[in-house]
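# Summary of the model geometry
If you want the building blocks of each chain, they are given just below.
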Amino acid sequence: MSVLEELQNRSGNACELCGATDELKVYEVPPISTGGVDGSILACGTCIGQIENADTMDPNHWRCLNDSMWSEHDAVKVVAWRMLSRLKDEGWPKDLLDMMYLEDEALEWAKATGEGLSESEKIVHRDANGAILENGDNVVLIKDLKVKGSSMVAKQGTAVRRISLDRENAEYIEGKVDGQQIVIITKYVKKT
Ligand SMILES: [Zn+2]
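All values derive from a computational prediction rather than experimental measurement.

Procedures and definitions
Residues numbered from 1 in each chain as written. Predicted model: local features only at pLDDT ≥ 70, side-chain atom pairs only at ≥ 80, totals over all residues. Heavy atoms only, no water. Helix = DSSP H or I, 4+ residues; strand = E, 2+ residues; numbered from the N terminus. Polar contact = N/O pair within 3.5 Å; in protein donor to acceptor, adjacent residues only side chain to side chain. Contact = heavy atoms within 4.5 Å. Salt bridge = Lys/Arg side-chain N within 4 Å of Asp/Glu carboxyl O. Buried < 20%, exposed > 50% of the residue type's maximum accessible area, 1.4 Å probe, protein only.

### Here's the deal with the side chain of Glu115
As for its position among the elements, Glu115 is in the loop between helix 6 (104-111) and strand 3 (125-126). Within the structure, Glu115 has its side chain in polar contact with the side chain of Arg86 (distance 3.0 Å). The contact partners of Glu115, leaving out residues within four places of it in the chain, are Trp81, Arg82, Met83, Ser85 and Arg86.

Right, here's the structure in full:
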């Protein structure tokens, strides 16, 4: 069974956030390390659009979280937590957040994208041109890099797909080069 089919079964073919039944898609909850069914939710176009573009948030749409925040699936709870955090200045989302309970591991996952932190608290990763890097972005190396602890040199021009950000340090990202997970310094990459 595909991830889509499994999620359709799990959700009864409805958006796991708002219950809508059209434009349903698999939304992989970033940072995508778990993947598969446990790391994804089934969500509608409206929800995904607003998750991915904070400027289009319609707070009232997210009243649906009142129900979906009690989901038994961590991936759903993580997205609920993030949207409530994003909207917490509205008041009611803050109350829901206070009621919500996440296990430590799920909470860490929820916080991984920096949602809900003020700009100054947030660690922002930028590439050589100052473009903001996000988990899951693809980058290209703009310089030959010696890989620490090995004789390998990652060549200039190498594409690195689906990077993950170092949450403690704005200068580091991680990604796979030749099948090996390496740490890369942000100023030597360009977002593609
Ligand atoms: Zn929805």
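### Quick word on the pattern of salt bridges
Under the definition given, this model contains six salt bridges. Ionic pairing is found between Arg162 and Glu28, a salt bridge with its closest N-O pair at 3.2 Å. Residue Arg162 is found in the loop between strand 8 (159-160) and strand 9 (164-165), and its partner Glu28 is found in strand 1 (residues 25-28); the two are separated by 134 residues along the sequence. Arg162 gets classed as partly exposed once you look at its relative accessible area, which sits at 46%. For Lys94, the salt bridge identified is with Asp98, shortest N-O distance 3.3 Å. With Lys94 and Asp98 both in helix 5 (residues 92-99), this residue pair falls four residues apart, about one helical turn.

### Regarding unusual backbone geometry
Cis rather than trans, the peptide bond between Pro30 and Pro31 has omega equal to -10°. Take Pro31: it is sitting in the loop between strand 1 and strand 2 (40-43). In this model, Asn13 sits at a positive phi of 60°, which is unusual for a non-glycine residue. Considering the arrangement of structural elements, one finds Asn13 in the loop between helix 1 (3-11) and strand 1. Backbone geometry at Glu23 places phi at a positive 55°, although glycine is not the residue there. Along the chain, the position of Glu23 falls in the loop between helix 1 and strand 1.

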